[in-house]
Amino acid sequence: MTADIMAVSDATFGVEIEQSKQPVLIDFWAPWCGPCMSLLPTIEGLASVYGDDLKVVKVNVDENPLLTEKFGVQGIPNLTLVKDGKAVTLRERSRTRLVGEIDGLLG
Amino acid sequence: MSFHAFDGNPAVKSQMLEPVRARWSARALAPDVDLNWKSDGQPDSISGALAETQDRGEFEQRTGIPADLAQLCEQLIAAGVRKSDAPNTTVGFSLEGADAVLTFGTEWLDAIRPGADLSLIVPQFARHCLDLLLKPDFELAGHISPDLRRTGFQILSFWDRELAGESTARGDWRDLQRAAMVATAKDNDAWGYRVATFIEAIAWPVRSVSREFAGLFDSFLFNWLMYLETAFMTDEERIDREHLLLGWKAMATAPRDEVGDIDIDPLESLPESSRVISSDHIMRTMDRMMAVREAARGRKDEVIRDLMNTVLTLIRSA
């Protein structure tokens, strides 16, 4: 029970994130980053938990320097929740803890 | 997605498996939780070589085997073998391990019936592991708090309902997840922390845990195998090991800034943990700890082999 995560780029950021009606969870990652790959099943699990209540997307930092800079990403993996135009970096890493953190932010 | 192993065709199985068997017999493959196939600087893994890919989707499409199961099998082998650099060999590395562990490299593949649907093997294995760790005779049982044990049994009962075709309300899962986090927060036992974080992390419907399971189980198994070494330690060494674990826990749970850096060194308030984590201590005790690991190897191999036997039983019954 996993979900495919949509890849967002510098070019599609406006439509997929800025104009999104739902809050968006962005997974900043890179294919060479071991911890990012380890986190991927958790991100897929999260997408299944929230369904249509949360859009979950991924951004390859190597291919999308503008988005990476826009969100001030200094290290990966980085999980950022965007809601009502505000971006918050998430600190937790397990699905159970991330749900607690995201629920708190979604209100 | 439905799975039909090897497209239901014994000839397909043989065609895919025999080249892997030859390379595994020559120890030219390195078991790895990641699918490795012609990836830069990494030797091919057994599953990577089987499907000639490092892509999960392609692996499942070509073999009809869930990638989660392949990950789990490779993880069990990796836990029981020692891989070292061997620059003078053609593959550049060497593997050492008990025959009972190494045999599993192709044994799990041999056990697969062409056409079998293996999609429930990892969920069933997860259920087996949770049941095992909640048993009173489990090695770490004395380090599992009553609250955590209660949470574990509740997860088990939800999983059993799910595997019997019943569903559990999302709210009931949320309540259980909160209870698991509270139990983890209250747990101060050095050995209990990784058990607690494992139980907390698997507090989800078991089918949805399948994809994450190998990664979550890895830390738990590491902790379990490390605990087995304590039977061969002096009292002082056992106490030092607990300080080590408390230090790791402090590092893992320390508040971090947005970049992920720790604000204040948590080991400052744990001088004994700081001492045993120091490179000086590690260097000074290295030979002795290697001797302890060697003494515990037989028992560790038994644990790993028992887990492998469970996987084989599940595969054969699919």
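Residues numbered from 1 in each chain as written. Chains lettered and ligands numbered in written order. Predicted model: local features only at pLDDT ≥ 70, side-chain atom pairs only at ≥ 80, totals over all residues.

Let's shift gears to the overall build of chain B. Broken down by element type, chain B carries 14 helices and two strands. Relative to the globule expectation of 20 Å for 318 residues, the C-alpha radius of gyration of chain B, 21 Å, shows essentially globular dimensions. Reported as C-alpha extents along the three principal axes, the dimensions of chain B are approximately 60 × 55 × 40 Å. Each of the 318 residues in chain B was classed as buried or not, and the buried ones make up 38%. (Helix = DSSP H or I, 4+ residues; strand = E, 2+ residues; numbered from the N terminus. Rg over C-alpha atoms; globule rule 2.2 N^0.38 Å. Buried ≥ 20, exposed ≤ 12 C-beta atoms within 10 Å, placed from the backbone.)

To continue, consider unusual backbone geometry. Cis rather than trans, the peptide bond between A:Ile76 and A:Pro77 has omega equal to 5°. Counting through the fold element by element, A:Pro77 comes out in the loop between helix 3 (65–70) and strand 4 (78–83). Positioned with a positive phi, B:Asp7 is a non-glycine residue whose angle comes to about 55°. Tracing the backbone shows B:Asp7 in the segment before helix 1 (10–25). Exposure remark for B:Asp7: the 15 C-beta atoms within 10 Å place this residue in the partly exposed category.

Attention now goes to the packing of helix 10 (residues 192–201) of chain B against helix 11 (residues 206–228) of chain B. All names here are of chain B. Two numbers describe how helix 10 lies on helix 11: the axes approach to 9 Å, and their chain directions differ by 155°. Between helix 10 and helix 11, the crossing angle belongs to the class labelled roughly antiparallel. Between helix 10 and helix 11 lies a crossing whose hand is left-handed. Along the contact surface, helix 10 presents Arg194, Val195, Phe198 and Ala201, while helix 11 presents Leu216, Ser219, Phe220 and Asn223. Residue classes in the contact of helix 10 with helix 11 are distributed as five nonpolar, two polar and one charged. (Axes fitted to C-alpha atoms, helices over the stretch in contact; angles between N-to-C directions. Parallel < 35°, antiparallel > 145°, perpendicular 65-115°, else oblique. Left-handed = near helix turned anticlockwise from the far one by under 90°. Contact = placed C-beta atoms within 7 Å. Nonpolar A, V, L, I, M, F, W, Y, C, P; charged D, E, K, R; others polar.)

Attention now moves to the interface of chain A and chain B. Each partner contributes to the interface: chain A provides 17 residues, whereas chain B provides 16 residues. Where the side of chain A that touches chain B is concerned, the elements lending two or more residues are helix 2 (34–50) and helix 4 (95–106) of chain A. Taken together, the residues that form the side of chain A that touches chain B break down as three nonpolar, eleven polar and three charged.

Residues and elements named next belong to chain B. Looking at the assigned domains, one finds that chain B contains domain 1 (5–110) and domain 2 (121–232). On a C-alpha basis, the centroid separation for the pair domain 1 and domain 2 is 28 Å. Taken residue by residue, the interface counts eight residues in domain 1 and ten residues in domain 2. (Domains from an automatic or database assignment.)

Structurally, the position occupied by A:Asp103 is in helix 4. Sequence separation between A:Asp103 and A:Tyr50 is 53 residues; the distance between their C-alpha atoms is 10.0 Å.

What follows is about helix 4 of chain A. The end-to-end C-alpha distance of helix 4 of chain A is 16 Å, a good match for the 16 Å that twelve residues give at a rise of 1.5 Å each. For helix 4 of chain A, the set of buried residues is A:Arg95, A:Thr96, A:Leu98, A:Val99 and A:Ile102. For helix 4 of chain A, the arc enclosing every buried residue in end-on projection is 160°, short of the 170-degree limit, so these residues lie on one face. Looking at the packing, one finds that the buried side of helix 4 of chain A touches helix 2 and strand 4 of chain A together with helix 9 (170–186), helix 10 and helix 11 of chain B. Looking one or two residues past helix 4 of chain A, A:Gly107 carries a phi angle of roughly 75°, positive in sign. (Expected span 1.5 Å × (residues − 1). Arc of directions from axis to C-beta.)

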